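Here is what each chain is made of, one letter per residue.
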Amino acid sequence: MMLPEDGVENRHGPPGVNSRSLSAAQSAADLEVLREIENVYFSPPDEFDAARYALEHAPSPPHCDAVERMFTKLKRQQQVVSGKALHLISQQRDNCDREFTEIQNIKDQLSTTLDTCRKARENLRNASNHLTISTFVILANVRKRQIIRSVLKSLELLRSLRSVEKDVAELLSRKEYYEAIELILKSRKAAASHKEYTCIADLTTRLQDTLDMTEEKLDSVLSSICYNFDESIFMKLKKAYDLLGKTQAAMEQLHMHYSSAVNESAADAIKPYIGEVSLEMKFQEMCQAVPTNKAPTCLLNLCENLFHVMRSYYLLVNWHTKHDKEESSTSTNVFDIEKNVSREYIKQKLKAGLIRIWHDVQAKVSIFLKSSGLEEYPFEKFIQMLGILRKLTQVAEVFCGDTSDLLQDFIKTQSVSYIKNYHRGRMEELKLFLENEGWEQCPVKSSFNILNLQEFKQFKRYLNPLKDTMTKSGAQSDTTSSVHSQEDSVYISKYFNQKTSRTPFEIFRNENITNDDIFGIEPESEVSEDSDDEPDELKRDYVDDTDRHEYNNPDKVPLSPSKIKDSVIVTNTTLSVLRNCGQYLQISRYLPQISLEVVMLMNQLFDYYFYAVHSFFTSDLEVASTTLYTTRLNLVLKRISNINSNQDDEKAFEYPTIPQHLDMNSEANLHGMSERIVAVESVIFLAKQFDLLQPYLESIVAPHQKMILEHFKDNTLAVVVDLRMPVYMCSASKAVDARSALIAMSQVRWDVKNVAVEHSPYVDMIIRKIQVFALRLENISTRVTLNVEVLNAVWGMVSKFIVHLLVEGFSNATKCSNGGRGLMQLDYRQLFVKLEKISGLKPIPYQDYIDRYVKAYYLPRNELEDFVRDRTEYSNKHLLALVSCACENKRDRQALAAIVEGRESTS
């Protein structure tokens, strides 16, 4: 059957001619045709007969149309396959060309080789015809010798490779790290070039293991550098790591070792002071397990161990700095850029490591301090601890230039906490002292002051009033502190640079070391004055009363109280307060940043003592206190009471109760006059010592804090002398029986017409009582050195009581004539004359009080009105009695009485 013309053309056209111009639709159709081809047509020709297969699968019955369709399908499939094959061949044409070229080259080389072989055979044929057999023997022997040499060389290589491990171990034992690494690397290179030997291939693995072990050994030696830096060993290590190309990695590893060294050194310092230590035990738990009595020594051991690590790192940094300068000055190679980058990286790493290691050290010390119970340290151990920490901050300043703000703040916080806890113990101790105090005078010289106490020996140069040192020593102290600051840096630097195992903390292991030595403070110059020596009696905790007068009066000559100008009256409790203040000042001297807190605690000690004395010895005050308490004294007492009442229960201090042994009811001892004098004068002496300290305290606090000191000085210390009035009045008011005296005064007739020439009988009664008081006061002077100031204060209260007693008695008079007024003047003037002779007071104080009152009887109406309105020191009862007797006019009397009553309602 004939096919259409276009079908014939397509059939006879070359297969795949139009494959490159097929559209996307045609490509899709071709893929569909390829999928329809049976897999059997792709079988090898020797295994498959395509014609027979087509005939076997021809249409049955064989119609022309069916045969034509089958033929067209097969023809289409053939065209698609041929086109696809042609397309793939065209894609691989370049590769095919290169392969054909390569085949041609191989053909040429084979031709050349064939020619060479032909020539070699021709030459061998000629040689066999012209040379003898002996010549071939010689050639064979030469060849054998070459082979044997090669074998010997290989055997020598095997022998050297087998001894590498031993040689490397020997080199490492001699600390020849660079040579050991070099030997291993050379051996590896030699082994790599002779891989044809099976045994050498096995040795290569062993060499790698040897190299790994050697690196571990280097790392172990590198870690030991953290505890004791050795320049020669480190230089060898660096050369070895440079050969390995691991300089930066080694530096990273070294910093990790230093961090571990800090942890291990801290743990090793703690372990000897505790019992069993488990592996799971943390550092904080170890610190908490350290007994309090061993904590200061443990802290010293901790700081020494950590210093060894810091010194090693410090020497490492210095070595790198020196080494880098030498290399930079000698290196001119432009190819050293990579080395310079590496050196800069290491330099930055070392610089950052200084701060990091110091922070790790701070953390360890802080954890120990937080866990060691600082509040239970004895005072001397606490001072030693402050010295250790101060030395550690000096070490840090030299080590990395850090001012240790974190540690300084921690020290300040812990010190404030300690001093407050210590202060609470001292306050409880002071309460116990006050409740058991006998209020006996301690035997001290009249020139005694705080400089005689051991606790204030180191403050002589600042406090000695004879040398006016505060203006000079202040500047001298600043200069000295700056000089010491510079000397400290030089002193610490010596320990960093020396190669011994000594540390700056070894000073604390000297039992004879003083606090000034610990803190690097220049000791005061020795003073040879006898008055500066502390009496042996004061070196005891309590002072006995057996040798008081032998000490103050060695000639044993009875002294009249009026002859003594200066005396110092102190008690055991007073000395205890002063000694506590001396200890407080030691802390502020070594820690100036907490000076204000220390000063406030000292002031609290004074307030407590002052308030206790007041509460003890004014508890039996029987007269009105209006004129006895000054305004500023009331303010001070109110302030102290309010401060304590406003405190939390944990911060408030319980005031002592009045001791049972304190006898203030016996007339023989003037109702405890001896104890009252000792108590009040000891407070006044204490105030004087605080006042002596004020210039020094102002020099240690910040400028803006001086106002607190000035306020305490002006409003508390200056007020203490006012305490004499209410305390001494308690005994003075009992010198004369007020009830009997008033009864005796009431029996006197004040309405007599004529002026009497003799004083009233009650005057003699009062004088006899005063004489008895004077005798008993003289007896007291044998136990207490009463100076003129004390005596004047005592007699002043006696005078004050008498004048008030007289005014009270005069105001009880219902009728009074001019003669009676004259008798009043005669009585009190006679009384004051006798009182002057007995007491030695000239003039008698407070007599204006009674003099004005009696003379007011003579005032005219207008002046009397001004008197009752303005004289607030007199009670309304006194003024009403005055008006009743002085005004004869009833209307005037009522008007003035109304003024007095009106004054009462407005007051």
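Residues numbered from 1 in each chain as written. Predicted model: local features only at pLDDT ≥ 70, side-chain atom pairs only at ≥ 80, totals over all residues. Heavy atoms only, no water.

**Q** Would you mind showing me how to read the overall build of the chain here?
**A** Each helix and strand in the chain was counted, giving 34 helices and zero strands. For the chain, the proportion of its 907 residues judged to be buried stands at 43%. Counting contacts in the chain only where the partners sit at least 6 residues apart, residues at least 24 apart contribute 81% of the total. Carbon together with sulfur atoms contributes 52% to the accessible area of the chain, which is approximately 49900 Å² in total. (Helix = DSSP H or I, 4+ residues; strand = E, 2+ residues; numbered from the N terminus. Buried < 20%, exposed > 50% of the residue type's maximum accessible area, 1.4 Å probe, protein only. Contact = heavy atoms within 4.5 Å. Areas by Shrake-Rupley, 256 points an atom, 1.4 Å probe, with all protein chains shown as cover.)

**Q** Would you take a moment to explain unusual backbone geometry for this structure?
**A** For residues besides glycine, phi is generally negative; the peptide bonds are generally trans as well. In this structure, Pro843 follows Lys842 across a cis peptide bond, with omega equal to -5°. The residue Pro843 is located in the loop between helix 30 (818-839) and helix 31 (847-855) in this model. Its identity is not glycine, yet Leu670 carries a phi of approximately 55°, on the positive side. With respect to the helices, strands and loops of the structure, Leu670 is situated in the loop between helix 23 (631-645) and helix 24 (673-700). Located in the positive-phi region is His671, a residue other than glycine, with phi close to 55°. Residue position: His671 is located in the loop between helix 23 and helix 24.

**Q** Sorry, what's going on with the pattern of salt bridges here?
**A** A side chain with one charge may pair with a side chain of the opposite charge, provided their charged atoms come close. Overall, the coordinates contain 28 salt bridges when judged by the stated rule. Residue Glu808 pairs with Lys877 through a salt bridge whose shortest N-O separation is 3.2 Å. Residue Glu808 is found in helix 29 (residues 788-811), and its partner Lys877 is found in helix 33 (residues 876-886); the two are separated by 69 residues along the sequence. Measuring nitrogen to oxygen at the nearest pair gives 2.3 Å for the salt bridge that ties Arg861 to Glu865. Residue Arg861 and its partner Glu865 are both found in helix 32 (residues 861-870); the two are separated by four residues, about one turn of the helix. What makes Glu865 buried here is its relative accessible area of 19%. Several salt bridges converge on common partners, so that one network encompasses Arg861, Glu865, Asp866, Arg869 and Asp892. (Salt bridge = Lys/Arg side-chain N within 4 Å of Asp/Glu carboxyl O.)

**Q** Explain empty space enclosed by the protein here, please?
**A** In this approach a probe as big as a water molecule rolls over the atoms, and the regions it shows empty are the leftover space. Scanning the model with the defined rule gives two cavities of 30 Å³ or more in all. The space that makes up the largest cavity amounts to roughly 90 Å³. Leu222, Phe234, Leu237, Lys238, Tyr241, Thr247, Ala250, Met251, Leu254 and His320 are the residues that line the largest cavity. Contributions of two or more residues to the lining of the largest cavity are made by helix 10 (231-244) and helix 11 (247-270). Looking at the lining of the largest cavity residue by residue, the classes come out as seven nonpolar, two polar and one charged. Estimates place the volume of the second largest cavity at around 40 Å³. Every residue lining the second largest cavity is listed: Leu369, Leu374, Phe382, Met385, Leu386, Leu389, Phe410, Ile411, Gln414 and Ser415. (1 Å grid on protein atoms, 1.4 Å probe; cavity = no way out; pocket = protein on both sides within 12 Å on 5 of 7 lines; lining within 4 Å. Points joined across faces, edges and corners; volume = space filled by probe spheres on them. Nonpolar A, V, L, I, M, F, W, Y, C, P; charged D, E, K, R; others polar.)

**Q** What's the story with the packing of helix 15 (residues 379-400) against helix 16 (residues 405-436) in this structure? I'm lost.
**A** Axis angle and axis distance: for two packed helices, these are the angle between their axes and the distance between the axes, and together they describe the pair. With their axes 11 Å apart at the nearest point, helix 15 and helix 16 run at an angle of 170° to one another. Considered as vectors, helix 15 and helix 16 are oriented roughly antiparallel to each other. Facing Phe379, Phe382, Leu386, Leu389, Leu392 and Thr393 of helix 15, the residues of helix 16 in contact are Leu407, Gln408, Ile411, Ser415, Tyr418 and Tyr422. (Axes fitted to C-alpha atoms, helices over the stretch in contact; angles between N-to-C directions. Parallel < 35°, antiparallel > 145°, perpendicular 65-115°, else oblique.)

**Q** Teacher, can you tell me more about the packing of aromatic side chains here?
**A** How two aromatic rings sit relative to each other is set out by the distance from centre to centre and by the angle between their planes. Tallied over the entire structure, the rule returns 29 aromatic pairs. Ring geometry for Trp439 against Phe616: centres 6.4 Å apart, planes inclined by 85°, an arrangement best described as edge-to-face. Of this pair, Trp439 sits in the loop between helix 16 and helix 17 (460-463) while Phe616 is found in helix 22 (residues 595-617), placing the two residues 177 residues apart along the sequence. Ring geometry for Trp750 and Phe810: centres 5.4 Å apart, planes at 80°, overall edge-to-face. Of this pair, Trp750 sits in the loop between helix 27 (738-746) and helix 28 (761-780) while Phe810 sits in helix 29, and the two are 60 residues apart along the sequence. What makes Phe810 buried here is its relative accessible area of 0%. (Phe/Tyr/Trp six-rings, centres within 6.5 Å; stacked < 30°, edge-to-face > 60°.)

**Q** What exactly am I supposed to notice about the packing of helix 32 against helix 33 here?
**A** Where helix 32 meets helix 33, the closest approach of the two axes is 11 Å, and the angle between their N-to-C directions is 170°. Taken as axis vectors, helix 32 and helix 33 run roughly antiparallel relative to one another. The residues of helix 33 that touch helix 32, namely those facing Leu864, Phe867 and Val868, are Leu879, Leu882, Val883 and Ala886. Residue composition of the contact of helix 32 with helix 33, by class: seven nonpolar, no polar and no charged.

**Q** What's the story with the environment of Met213 in this structure? I'm lost.
**A** Among the structural elements, Met213 can be located in helix 9 (residues 198-224). On the basis of relative accessibility, which here comes to 57%, the residue Met213 falls in the exposed class. Taking the C-alpha atoms as reference, Met213 lies 10.0 Å from Ala169; in sequence the two are 44 residues apart.

**Q** I would appreciate a short explanation of helix 24 in the present structure.
**A** Residues spaced three or four apart along an α-helix face the same direction, because each turn holds 3.6 residues. Between the first and last C-alpha of helix 24 there are 40 Å, a value that for 28 residues agrees with the 40 Å anticipated at 1.5 Å per step. The axis of helix 24 is deflected most strongly, by about 40°, at Gln694, and proline Pro695 appears within four residues downstream. Within helix 24, 22 of the 28 residues are buried, which leaves it mostly tucked inside the rest of the structure. (Expected span 1.5 Å × (residues − 1). Bend = angle between axes of the 7 residues up to and from the residue.)

**Q** So what exactly am I meant to see when it comes to the environment of Tyr273 here?
**A** Assignment of secondary structure puts Tyr273 in the loop between helix 11 and helix 12 (283-288). The spatial distance from the C-alpha of Tyr273 to the C-alpha of Val290 is 6.0 Å, given a sequence separation of 17 residues. Non-local contacts of Tyr273, meaning those with residues more than four positions away in its chain, are made with Val290, Pro291, Lys294, Thr297, Cys298 and Asn301.

**Q** Whenever I open this one, the nonpolar core confuses me. Can you help?
**A** One broad trend across soluble globular proteins is that nonpolar side chains are buried collectively. With 227 residues, the main nonpolar core has Phe368, Leu777 and Phe810 as its most contacted residues. It is helix 13 (residues 295-330) that contributes the most residues to this core, 16 residues altogether. (Core = buried A, V, L, I, M, F, W, Y, C linked by side-chain atoms within 4.5 Å.)

**Q** Even after reading the chapter, I still don't get the environment of Gly672, so can you show me in this structure?
**A** Note on placement: Gly672 falls in the loop between helix 23 and helix 24. Each residue touching Gly672, except ones within four places of it in the same chain, is listed here: Asp663, Met664 and Ser731.

**Q** So what exactly am I meant to see when it comes to the confidence of the model for the chain here?
**A** Detailed reading of predicted coordinates is not advised where the pLDDT is low. Of all residues in the chain, 81% have pLDDT values of 70 or greater, and the mean over the chain is 79. Low confidence marks residues 1-22, where pLDDT is under 50. Its contacts with residues over four positions away, or in another chain, come to 22 contacts. Per-residue pLDDT stays below 50 along residues 541-562; that stretch engages in 46 contacts with residues further than four places along the chain or on separate chains. (pLDDT = per-residue confidence, 0-100.)

**Q** Would you take a moment to explain helix 10 for this structure?
**A** For helix 10, with 14 residues, the first-to-last C-alpha span of 20 Å sits near the 20 Å given by 1.5 Å per residue. All of the buried residues in helix 10 are Ile233, Phe234, Leu237, Lys238, Ala240, Tyr241 and Leu244. Summarising the axial view, the buried residues of helix 10 lie within an arc of 165°, below the 170-degree limit, and thus occupy one face. One or two positions beyond helix 10, positive phi appears at Gly245, with a value near 75°. (Arc of directions from axis to C-beta.)

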